[in-house]
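Structural overview
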Amino acid sequence: MFCPVLRYAIYTLAAGHLARLAWYQRRSTEVITKEGIVLTGITPHTAIRYHDTCISYLMAISKDPAEEFNEDVLAAATILRLYEEIDGMVARHSTP
Amino acid sequence: MFLIIFASAAPLIGGSETHLDAIQFIVDARRSVAYYSYQTIQGPPRDDNVHASPCLSLRHSVFLNILRQEIWSAFYHQRPFRLPIAPYRDYNISSPTNDFVWTNRMSLWVADLLLFCFGDQKHMDVDEKMQRWASLKATELKWVTQPPPAFKPIYYQDRDPAVGQYFPTIWHMNGCQVTGAQHVELGRILLALSDPTRSPPLERAGMQSDTLAEELRIITRRLCGLAVSNPNHPAALVTATVGISVCGKYFNDAAEQDALVRILVHLESEYAWPTETTVSTLRSHWAMTT
């Protein structure tokens, strides 16, 4: 893909979704599967790592005057917002 | 140049500043305002070349997504709508068009209602408030009396609590129509909550009158019915959840309360959309009011 910001935004949302789905369905994130395939590389912290990577690419773009915000970056920000809203809902429930 | 500080991208976790607050999307003034205008909500024609740059149709799609996200968020948190809507709002435009444009038109109407309910009306005098509310209400009345023909449900059956059917059955031809119909219901909730002809008028959901509570229950049942009746469109469950989070407190019947909770639990367990907080908030409220 030509846009790492968009790529990692999609990875962030997808990883977060798979981890949450495993938790809500089996109350365990030890084994995360999708359509019967075990995804060994995904843990509850995978989304956070992808998120950090995405943000670092975003920061790089915002600091570089030669780069411009295009539709792909806008799409990535929208995807990130969804991830963070959902993550916020989970965090609010967990906070005593 | 019109600076959109992408506040809508900032996370809502306790209002804390994060790196996303540093993002500023600079959009040309003429194009940015046109995105949230009733007259031009249909957007540009789709780009034939998927690698076109700039890709105006992709940009428009993203802006429509942002609009829906912000509607959900502002409704759920009962806070002002934060995106710019074109100041000239003429909802009398009813040129025949496709389902997508109709749904986007009604989404914009809901955004305008959110702007009115949780923002503008605080700065209006009584006459202004009445005039603005009446104009927004007129759009809803027009939807009732002259709906777009495609949005008539292909099947409808009233609810029957005696057999455990707590919500009406409402089938639509596609997910877009379900979204449009649900946004009309969200708009009806906002109209009811901000009705200046009611005494006293309410800005936030609060248990103040039986007629208001009953009206909100009826609307919420339709909102839930649309979600439950059209399982091929799971996004409808999220829209229903947004409505339940605001109006669920008005439900007094235990069996009906359980039906609402089943929707929330189903959304969480099948689609990983967190609803535990909403469920526990509702249960606490119901426990206090029985």
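Keep in mind that this is a model prediction, so the values were computed, not measured. (Residues numbered from 1 in each chain as written. Chains lettered and ligands numbered in written order. Predicted model: local features only at pLDDT ≥ 70, side-chain atom pairs only at ≥ 80, totals over all residues. Heavy atoms only, no water.)

Right, let's get into the overall build of chain B. Across its full length, chain B holds 9 helices and 4 strands. Starting at the N terminus, the α and β elements of chain B follow one another as β-β-α-α-α-α-β-β-α-α-α-α-α. Counting every position in chain B, which comprises 290 residues, the buried fraction comes to 51%. Roughly 13,500 Å² of accessible area belongs to chain B as shown, and the carbon and sulfur atoms make up 57% of that amount. (Helix = DSSP H or I, 4+ residues; strand = E, 2+ residues; numbered from the N terminus. Buried < 20%, exposed > 50% of the residue type's maximum accessible area, 1.4 Å probe, protein only. Areas by Shrake-Rupley, 256 points an atom, 1.4 Å probe, with all protein chains shown as cover.)

Turning our attention to the packing of helix α2 (residues 56-77) of chain B against helix α7 (residues 235-247) of chain B. Residue and element names in this part refer to chain B. Two elements in contact, α2 and α7, have axes separated by 9 Å at closest approach and are oriented at 25°. By the angle between their directions, the pair α2 and α7 is classed as roughly parallel. Here Arg68, Trp72, Phe75 and Tyr76 of α2 come into contact with α7, specifically with Ala235, Val238, Thr239, Val242, Gly243, Ser245 and Val246. Class assignment of the residues belonging to the contact of α2 with α7 gives a composition of 7 nonpolar, 3 polar and 1 charged. (Axes fitted to C-alpha atoms, helices over the stretch in contact; angles between N-to-C directions. Parallel < 35°, antiparallel > 145°, perpendicular 65-115°, else oblique. Contact = heavy atoms within 4.5 Å. Nonpolar A, V, L, I, M, F, W, Y, C, P; charged D, E, K, R; others polar.)

What follows concerns unusual backbone geometry. A positive phi angle, near 50°, is found at Glu35(A), a position not held by glycine. Mapped onto the elements of the fold, Glu35(A) is located in the loop between β1 (33-34) and β2 (37-38). The residue Gln78(B) is not glycine, and still its phi comes out positive at about 50°.

All right, on to the packing of α2(B) against helix α5 (residues 175-193) of chain B then. All names here are of chain B. Following both chains from N to C, one finds α2 and α5 inclined at 35°, their axes separated by 12 Å at the closest point. By crossing handedness, the relation of α2 to α5 is classed as left-handed. The residues of α5 that touch α2, namely those facing Arg68, Ile71, Trp72 and Phe75, are Thr179, His183, Leu186, Ile189 and Leu190. Split by residue class, the contact of α2 with α5 holds 6 nonpolar, 2 polar and 1 charged. (Left-handed = near helix turned anticlockwise from the far one by under 90°.)

Residues that lie three or four places apart on an α-helix share one face, since the helix turns once every 3.6 residues. End to end, helix α1 (residues 4-26) of chain A covers 32 Å across 23 residues, agreeing with the expected 33 Å (1.5 Å per residue, within 8%). Of the residues one or two after α1(A), Arg27(A) is the one with positive phi, at around 55°. (Expected span 1.5 Å × (residues − 1).)

One broad trend across soluble globular proteins is that nonpolar side chains are buried collectively. Core analysis: the largest hydrophobic core is formed by 90 residues, its most contacted members being Phe75(B), Phe81(B), Trp109(B), Leu114(B), Ile189(B), Leu190(B) and Leu216(B). Residue contributions to this core peak at 13 residues, all from helix α3 (residues 99-118) of chain B. Ignoring sequence-local partners within four residues, the contact set of Leu114(B) consists of Ile71(B), Ala74(B), Phe75(B), Phe81(B), Gly119(B) and Leu190(B). Counting 5 residues, the second largest nonpolar core, distinct from the first, contains Leu18(A), Ala22(A), Ile32(A) and Ile42(A). (Core = buried A, V, L, I, M, F, W, Y, C linked by side-chain atoms within 4.5 Å.)

Before going further, it helps to examine the packing of aromatic side chains. All names here are of chain B. The tally for this structure, following the rule as stated, stands at 8 aromatic pairs over all chains. A ring pair is formed by tryptophan 72 and tryptophan 273, whose centres lie 6.2 Å apart and whose planes are at 85°; its orientation type is edge-to-face. You can see tryptophan 72 sitting in helix α2 and its partner tryptophan 273 sitting in the loop between α8 (254-271) and α9 (276-289), a full 201 residues away along the chain. Look at tryptophan 72 and you get buried, because its relative accessible area is 15%. (Phe/Tyr/Trp six-rings, centres within 6.5 Å; stacked < 30°, edge-to-face > 60°.)

Moving on: the pattern of salt bridges. Residues and elements named next belong to chain B. In the structure shown here, the tally under the stated rule is 17 salt bridges over all chains. Residues glutamate 140 and arginine 188 are paired through a salt bridge, measuring 2.6 Å at the closest nitrogen-oxygen approach. You can see glutamate 140 sitting in helix α4 (residues 126-145) and its partner arginine 188 sitting in helix α5, a full 48 residues away along the chain. In terms of burial, glutamate 140 and arginine 188 fall into one category: buried. (Salt bridge = Lys/Arg side-chain N within 4 Å of Asp/Glu carboxyl O.)

Another point: the confidence of the model for chain B. Residue and element names in this part refer to chain B. Summing up the model confidence of chain B, the mean pLDDT is 82 and the portion of residues at 70 or higher is 82%. Scored below 50 in pLDDT, residues 1-31 shows 62 contacts in the model against residues more than four places distant or in partner chains. Taken together, the stretch residues 201-207 has pLDDT below 50 and engages in 22 contacts with residues farther than four places along the chain or on a different chain. Predicted as a complex, the structure gets a pTM of 0.87 and an ipTM equal to 0.88. (pLDDT = per-residue confidence, 0-100.)

Right, let's get into the side chain of His172(B). Along the chain, His172(B) turns up in the loop between β4 (169-171) and α5. Once residues within four sequence positions are removed from consideration, His172(B) is found in contact with Phe151(B), Lys152(B), Pro153(B), Ile154(B), Gln177(B), Val178(B), Ala181(B), Leu226(B) and Asn230(B).

Next up on the list: the confidence of the model for chain A. Predicted coordinates in regions of low pLDDT should not be interpreted in detail. The pLDDT averaged across chain A works out to 85; a share of 92% of its residues lies at or above 70. Across chain A, the secondary-structure element scoring lowest on mean pLDDT is β1(A), at 80, and the one scoring highest is α1(A), at 92.

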